[in-house]
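# Descriptive analysis of the structure
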Amino acid sequence: MRTLAILFLPIVALSLWSGCSDTLIDPFENEEKYFTIWGYLDELSTEHEIRVIPVTRFAENIVDPTQPEAQIDAEVYSVDLTSGVRRRWNHELAQLSDGTYGHVFRSSFLVDVKRSYRIEVIRADGKMTTAETRVQSLDSDTLMVRGPVVWNADSSFAYQDVEIRDIASPWEIQAIYRWEGGDQAFKYLIPYGRPGERTPDGGWRVRLNISADQPKVQESLDWAKSINMIPPGGAYGIVTMGFQVRILDKNWDPPHGVFDPEVLAQPGVLSNVENGYGFFGSVGLYIQEWRIGGLSRDLGYAF
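The sections below set out a description of the structure shown in this document.

Quick notes on the rules
Residues numbered from 1 in each chain as written. Predicted model: local features only at pLDDT ≥ 70, side-chain atom pairs only at ≥ 80, totals over all residues. Heavy atoms only, no water. Phe/Tyr/Trp six-rings, centres within 6.5 Å; stacked < 30°, edge-to-face > 60°. Buried < 20%, exposed > 50% of the residue type's maximum accessible area, 1.4 Å probe, protein only. Lys NZ or Arg CZ within 6 Å of the ring centre and 35° of its normal. Pairing = 2+ DSSP bridges. Helix = DSSP H or I, 4+ residues; strand = E, 2+ residues; numbered from the N terminus. Contact = heavy atoms within 4.5 Å. Axes fitted to C-alpha atoms, helices over the stretch in contact; angles between N-to-C directions. Salt bridge = Lys/Arg side-chain N within 4 Å of Asp/Glu carboxyl O. Expected span 1.5 Å × (residues − 1). Bend = angle between axes of the 7 residues up to and from the residue.

### Things to note about the packing of aromatic side chains
Applying the stated criterion to the full structure yields 6 aromatic pairs. Ring geometry for phenylalanine 109 and tyrosine 117: centres 6.2 Å apart, planes at 35 degrees, overall tilted. The exposure class assigned to phenylalanine 109 is buried, which follows from its relative accessible area of 6%. Judged by relative accessible area, tyrosine 117 falls into the buried class, the value being 3%. Three or more aromatic residues link up through ring pairs in this structure, and these residues are Trp89, Phe109 and Tyr117. The ring of tyrosine 77 is capped by arginine 86, whose NZ or CZ atom sits 3.9 Å from the centre of that ring. For arginine 207, the ring lying beneath its charged end belongs to tyrosine 159, and the centroid distance is 3.8 Å.

Shown next as structure tokens:
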């Protein structure tokens, strides 16, 4: 099962999963809360899934598919709020990483950027838990404001600070290096995780570790040589650098841009679910590259 915890879900889940057995989230005292839902839509995927947990007095703990809790009184639909298209999602009792089972609903479709989607989890009696998300997309090619390339005193190490405007809460940042050799070109991505910090004006500042990245770039070049993608003795060089950033929807912005477990564990800090608990979000994409001129030679490449 593709994990639903690719972003910060484990942090918040710890508080809400345990809280399901707490009187603070008691269904007899919270009659308007029907389900906890976790999941998101991904612009880069056609396969989507959410986990659904009925809100009951006790935390869900399905250890055997024959348990009564292995059945769920729920149907799940997503609605494209622009086109009005409504899709029913398919249910599966999926085995989780800890060996227990959970109710997972899946659907296959292309996500349209700049559109809003509503997820609906409906009981047989018509009671409904819902959440909405808008898939973020930024069209500008000037969001990344680059500082100068900085070399250390002996010119053995270089980096470049970049401010990403209008993206207050990026996720899964990857550095991009595009090299050319002969008549071939290849783009190589280096995972960065989520380094950096929020800027006072609501953007994000991150450092491109140019020199530290070159051994990994060289590995991709060595691979290209091994399959004759670059001819023996052929010249090659890096022509562009940049960043690829996954964009979280605006509901998914943690306080001060920091996914702090102590803060997120507080009820209501980060949830967009109506008549329930949890979170339903979306992940978009932003890419920007720039040409680097003579920097390639300074890094030891042929051009």
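Moving on from the model shown.
### Digging into the sheet that holds strand 14 (residues 204-208)
With respect to topology, 4 strands assemble into an open sheet ordered 9-10-14-13, the strand pairing being antiparallel. In this open sheet, the two edge strands, each paired with only one partner strand, are strand 9 (144-151) and strand 13 (197-198). Here strand 9 pairs with strand 10 (residues 158-164) via 6 bridges, running antiparallel. Bridged to valine 150 within strand 10 is tyrosine 159. The strands touched by helix 2 (residues 210-226) are strand 9, strand 10 and strand 14; relative to strand 10, the strand with the most contacts, the crossing angle is about 105 degrees.

### What about the environment of threonine 82?
By the element assignment, threonine 82 lies in the loop between strand 3 (75-80) and strand 4 (86-88). It is 9.6 Å that separates the C-alpha atoms of threonine 82 and lysine 114, two residues lying 32 residues apart in sequence. Dropping the residues within four chain positions of it, threonine 82 is found in contact with Arg115 and Ser116.

### Quick notes on the pairing of strand 5 (residues 90-95)
Bridge count between strand 5 and strand 6 (residues 101-108): 6 bridges; the pairing is antiparallel. When the sheet's bridge partners are listed, asparagine 90 is paired in strand 6 with arginine 106. Where strand 5 folds back on strand 6, the antiparallel hairpin that results is connected by 5 residues, among which glycine 99 adopts a positive phi of roughly 90 degrees.

### Some thoughts on the pattern of salt bridges
Pairs can form between side chains of opposite charge once their charged atoms are near each other. One pass over the full model with this rule turns up 16 salt bridges. A salt bridge links arginine 178 to glutamate 289, with the shortest nitrogen-to-oxygen separation between them at 3.0 Å. In this pair, arginine 178 is assigned in strand 11 (residues 170-181) and glutamate 289 in strand 17 (residues 276-291), connecting sequence segments 111 residues apart. The class for arginine 178 is partly exposed, based on a relative accessible area of 26%. The residue arginine 205 makes a salt bridge to glutamate 197 at a minimum N-O spacing of 3.4 Å. Of the residues examined, arginine 205 reaches a relative accessible area of 30% and is grouped as partly exposed. Under the relative-accessibility criterion, glutamate 197 is labelled partly exposed at 46%. Each of Arg86, Arg118, Glu120 and Glu132 takes part in a single network of salt bridges with overlapping partners.

### Concerning the environment of glutamine 174
Mapped onto the fold, glutamine 174 is located in strand 11. The exposure class of glutamine 174 is buried, given its relative accessible area of 14%.

### A few points about helix 2
The α-helix winds at 3.6 residues per turn, so residues separated by three or four positions along the chain end up facing the same way. Here helix 2 contains 17 residues, and its C-alpha end-to-end distance of 24 Å stays within 8% of the 24 Å for a straight helix at 1.5 Å per residue. At lysine 216, helix 2 shows its maximal kink, close to 30 degrees. Taken as a whole, helix 2 has its buried residues at Ile210, Ser211, Asp213, Gln214, Val217, Ser220, Leu221 and Ala224. In the segment just after helix 2, asparagine 228 is the residue with positive phi, at about 60 degrees.

### Points about the pairing of strand 12 (residues 184-193)
Where strand 11 lies against strand 12, 9 bridges are found, and the strand directions are antiparallel. Residue pairing across strands places tryptophan 179 opposite phenylalanine 186, the latter belonging to strand 12. What sits between the antiparallel neighbours strand 11 and strand 12 is a turn of 2 residues, in which glycine 182 has the positive phi angle 60 degrees.

### Some details on the sheet that holds strand 4
Sheet strands line up and pair through hydrogen bonds in the backbone, either parallel or antiparallel. In spatial order, the strands read 4-3-7-8-16; together these 5 strands make up an open sheet with antiparallel pairing. The sheet is open, and its two borders are formed by strand 4 and strand 16 (273-274), each paired with just one other strand. Pairing analysis gives 3 bridges linking strand 3 to strand 4, with the strands arranged antiparallel. Residue pairing across strands places valine 79 opposite arginine 86, the latter belonging to strand 4.

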